[in-house]
Amino acid sequence: MTTTPYPGEDARAGDAPGLGEDPRPEAAPRTGEGPRTGEGTGTGARPRTGEDARTGARPHTRRLTVAQALIAFLARQFTERDGSRRRLINATWGIFGHGNVAGVGQALVESRADMRYLQGRNEQAMVHAAVGYARQSNRLSAHAVTTSIGPGATNLVTGAALATINRLPVLLLPGDVFATRPADPVLQQLEVPSAGDVSVNDALRPVSVYFDRVTRPEALIPAALAAMRVLTDPAETGAVTLALPQDVQAEAYDWPEEFFAERVWRIRRQAPDPEELAEAVTLVRAARRPLLVAGGGVRYSGAEDVLAAFADATGIPVAATQAGKGSLRHDHPCDVGGVGHTGTATADELARTADLVIGVGTRWSDFSTASATLFQNPEVRFLNLNVTGFDAHKLAAHPLVADARTALEGLLTALAGPAGGRGEVGEVGQRLEGGEASPYRVPASYEAEFRASKERWEQRVQAAFDAEDELRPPTQAQVLGALDALATGEDIVINAAGSLPGDLHKLWRARSRDQYHVEYGYSCMGYEIPAALGVLLAAPERPVWAFVGDGTYLMNPTEIVTAVQERLPLKVVILQNHGYASIGGLSEAVGAERFGTAYRFRAEDATYTGDPLPVDLAANAASLGMRVIRAKTVRDLREALARARAAREATCVYVETGTGDTGPGVPPAQAWWDVPVAGTATRASAVRARADYDRHAAARRRHL
């Protein structure tokens, strides 16, 4: 027999026997055959009439517990897209307690050949790791997460919200209280006097795209099938929760063999409606200053090559959201970088003057639209290509509800005009002589404008990266610059919160489609390290970097232990700035005077403005098993990053960052973000901040 491949490997039909099956083909009795002479049932129990003597199950059924049946079912689910087949649930993360140890835990012991088990240290972190794996796998493969009841289950909520907001599949299997209610309450049970069927797992309902509580064994069959349907639906996917009462997990049942048959869930590529496509083509052909904004849907559709061909053919500049950055390489002539509050000056100025904005696979968050202040052209119109109708209709756009790759292919073909067309392309590529549609291309003057702006922005990026004195502590931008100089398209950079997402969005030069991994849908502190584990499980030969500030590190360092245990060459860069630097800057901007944002001792006035706390995060990382390299200067940093990149064990680069006066620093925000300021205050800083807020808020638009 061969075992089921680990994450990243291709799964083939029939790789592994199922739970309850004998791996030896010759050992299985023929149809209608009983046990061979001298064979027992394996349990000491005498089989019932009409049952298989070795399993105790009726013919064409298999007797398993609910948990065993679920794991056997999951081991036989596959996805397929464009002819490529993947195992759907490739591993199960778990922390065991009394609510799952005898159910799912025991099932995983029995199914080690079928299902890889990964041991986590924190339930939220396990979900983050599963999300990282799903993102790196382009949503074609996912992980399950099992927990006990009570606090283990509620720890899933943050991770579930992150998965659902980012439209990334993860299967959650929290234990639940007894379905049979032999005693009320049981350990860790929440009692609700007005509702006997409520448990803490109901907190997962609003953050799950599908939720079910399996209170009877036979209910698992429709619940499991529904869960797979949602996990593999590009328009619906996110966190899926199957709550499993601890007594039901361990209950035996005769399962139909058909439940364990291999199933292939084909990821459909929805084609655009012909009328919607025709109107989209009309909108593009009429545009003189179009801007395309690439979101995460480009990546999940695998549409990067089509997007590049589209940009090459039309000359339309391409900006990117946080999830879409890397859809074009940074050096593609049409790539203009991030858009919105954390965007580049080039992309944001194009957005302000665009007459058509083409959103591809984006959900249009407030950061991307600069809180509805970015698109200022009075004549601007929107065209949204999205697999989800909910997102396609945002900003009163013309919707093109379709798979991103398929929709771009349709647009590209239609805009190319008839093959071998006659005559010259006009200023906007509208019509050839004789009325035939010509290939569309933006005006040459527009191309020259944004390419020159891109060159100017690149000079600002390089100035932020450069360090005149390599013997001084690096700024945060110089840390990014040092890795930028070292990285190739193989490196993957992961971040989620603090000031780093903004700096990365403005400055990072994405060299491959999946290099830039910034979770900014939920922007969850503590995501980076566990997510990096998931990415490494999907791409074990790639250098994977988790960038964290001290605030984020303290939120969730536990999975360093898992990286060490699994011998994963995780690379963590800790930037120590003694507090919540990002929110400190925002606090100052809104008149809150950096209150409560520094990691310092209390001063005599009771504020946290004393000396920095004597916390050694490098020593902490070392105590968890990492190899730690301390870097005090820019020169040290370059050497440390090179050593870390070559390391085959979990390695941490620790650096205390200098202030902006050691270099030009990061360019300021090029667009606004709406954070309401106190409407009345006695302190002058808040009064000034409110006046500034009112000025920006006046530019908000509702696009109709």
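Residues numbered from 1 in each chain as written. Predicted model: local features only at pLDDT ≥ 70, side-chain atom pairs only at ≥ 80, totals over all residues. Heavy atoms only, no water.

Enquirer: Go over the overall build of the protein with me, naming the residues and quoting the values.
Expert: Summing up its helical and strand segments, the protein has 23 helices and 23 strands in all. Expressed as a percentage of its 704 residues, the buried residues of the protein come to 55%. When the accessible surface of the protein is split by element, carbon and sulfur atoms take 52% of a total near 28800 Å². (Helix = DSSP H or I, 4+ residues; strand = E, 2+ residues; numbered from the N terminus. Buried < 20%, exposed > 50% of the residue type's maximum accessible area, 1.4 Å probe, protein only. Areas by Shrake-Rupley, 256 points an atom, 1.4 Å probe, with all protein chains shown as cover.)

Enquirer: Could you give an account of the environment of Val101, naming the residues involved and the relevant values?
Expert: Structurally, Val101 can be placed in helix 2 (residues 101–110). Spatially, the C-alpha atoms of Val101 and Ser148 are 7.6 Å apart, while their sequence positions differ by 47 residues. Not counting residues up to four positions away in its chain, the partners in contact with Val101 are Phe96 and Gln106. (Contact = heavy atoms within 4.5 Å.)

Enquirer: So what's going on with the environment of Leu220? Residues and values would help.
Expert: You can see Leu220 is positioned in helix 6 (residues 220–231). Sequence spacing of Leu220 and Leu70 is 150 residues, and the spatial spacing of their C-alpha atoms is 7.6 Å. If we ignore the near neighbours within four places in the chain, the residues touching Leu220 are Val66, Ala69, Leu70, Val214, Trp255 and Phe259.

Enquirer: Requested: an account of helix 22 (residues 634–646), with residues and values cited.
Expert: End to end, helix 22 covers 19 Å across 13 residues, agreeing with the expected 18 Å (1.5 Å per residue, within 8%). For helix 22, the set of buried residues is Val634, Leu637, Ala640, Leu641 and Ala644. Seen end-on, helix 22 carries its buried residues on one side only, within an arc spanning 115 degrees. Contact partners of the buried residues in helix 22: helix 15 (476–486), strand 20 (544–549), strand 21 (571–576), strand 22 (627–631) and strand 23 (651–656). (Expected span 1.5 Å × (residues − 1). Arc of directions from axis to C-beta.)

Enquirer: Can you tell me about the packing of helix 3 (residues 123–136) against helix 17 (residues 528–538), naming the residues and giving the values?
Expert: It is the contact of helix 3 with helix 17, at a shortest axis distance of 6 Å, that shows an interaxial angle of 40 degrees. For the element pair helix 3 / helix 17, the angle class is oblique. When the axes of helix 3 and helix 17 are compared, the crossing they make is right-handed. Of the residues in helix 17, those touching helix 3 at Ala125, His128, Ala129, Gly132, Tyr133 and Gln136 are Pro530, Ala531, Gly534, Val535, Leu537 and Ala538. Split by residue class, the contact of helix 3 with helix 17 holds 8 nonpolar, 4 polar and no charged. (Axes fitted to C-alpha atoms, helices over the stretch in contact; angles between N-to-C directions. Parallel < 35°, antiparallel > 145°, perpendicular 65-115°, else oblique. Left-handed = near helix turned anticlockwise from the far one by under 90°. Nonpolar A, V, L, I, M, F, W, Y, C, P; charged D, E, K, R; others polar.)

Enquirer: Go over the nonpolar core, please, and point to the residues and values.
Expert: By size, the foremost hydrophobic cluster in this structure holds 55 residues, and its most contacted members are Trp93, Val145, Leu172 and Leu570. Of all the elements, helix 17 adds the most residues to this core, at 8 residues. If you look at the next biggest cluster of nonpolar residues, it comprises 54 residues, including Leu307, Leu328, Leu374 and Phe375. (Core = buried A, V, L, I, M, F, W, Y, C linked by side-chain atoms within 4.5 Å.)

Enquirer: Got a sec to walk through the sheet that holds strand 20? Specific residues and values, please.
Expert: With respect to topology, 6 strands assemble into an open sheet ordered 19-18-20-21-23-22, the strand pairing being parallel. The sheet is open, and its two edges are formed by strand 19 (516–518) and strand 22, each paired on a single side. Each strand of the sheet is rotated relative to its neighbour by a mean of 20 degrees, with strand direction disregarded. (Pairing = 2+ DSSP bridges.)

Enquirer: Lay out the confidence of the model for the protein in plain terms, naming residues and giving numbers.
Expert: For the protein, mean pLDDT is 90; residues scoring 70 or higher make up 88% of the total. Across residues 1–50 the pLDDT falls below 50, and counting only partners more than four positions away or on other chains, this stretch makes 80 contacts in the model. This model gives residues 419–434 a pLDDT under 50, and the stretch forms 32 contacts once residues within four places in sequence are excluded. (pLDDT = per-residue confidence, 0-100.)

Enquirer: An account of helix 14 (residues 444–465) is requested, with residue identities and associated values reported.
Expert: Compared with the 32 Å implied by 1.5 Å per residue over 22 residues, the 32 Å span of helix 14 between its first and last C-alpha is a close match. When helix 14 is considered as a whole, its buried residues turn out to be Tyr446, Glu447, Phe450, Ser453, Lys454, Trp457, Val461, Ala464 and Phe465. In a view along the axis of helix 14, the buried residues occupy a sector of 135 degrees, so they form one face of it. With respect to the buried face of helix 14, the exposed residues turned more than 90 degrees away are Ala444, Ser445, Glu455, Arg456 and Gln459. As for helix 14, its buried residues are in contact with strand 12 (290–294), strand 14 (335–338), helix 11 (345–353), helix 15 and helix 16 (500–507).

Enquirer: Run through the sheet that holds strand 16 (residues 381–386), naming residues and quoting values.
Expert: With parallel pairing, the 6 strands of this open sheet are ordered in space as 14-13-12-15-16-17. The sheet terminates laterally at strand 14 and strand 17 (398–401), the two strands that pair on one side only. Direction aside, the axes of adjacent strands within the sheet are offset by 20 degrees on average. Most of the contacts of helix 11 go to strand 14, to which it runs at about 100 degrees, and overall it touches strand 12, strand 13 (318–320) and strand 14.

Enquirer: Before we move on, could you go through the packing of aromatic side chains and cite the residues and values that matter?
Expert: Enumeration over the complete set of coordinates arrives at 13 aromatic pairs. Centre to centre, the rings of Tyr580 and Tyr599 are 5.0 Å apart; their planes meet at 75 degrees, and the pair counts as edge-to-face. Residue Tyr580 is located in the loop between strand 21 and helix 20 (581–589), and its partner Tyr599 is located in the loop between helix 20 and helix 21 (617–623); the two are separated by 19 residues in the primary sequence. The buried category is assigned to Tyr599, whose relative accessible area is 17%. An aromatic cluster is present here, built from Phe73, Tyr253, Trp255, Phe259 and Phe260 joined pairwise through their rings. Over the ring of Phe78 we find Arg85, and its NZ or CZ is 4.0 Å from the ring centre. (Phe/Tyr/Trp six-rings, centres within 6.5 Å; stacked < 30°, edge-to-face > 60°. Lys NZ or Arg CZ within 6 Å of the ring centre and 35° of its normal.)

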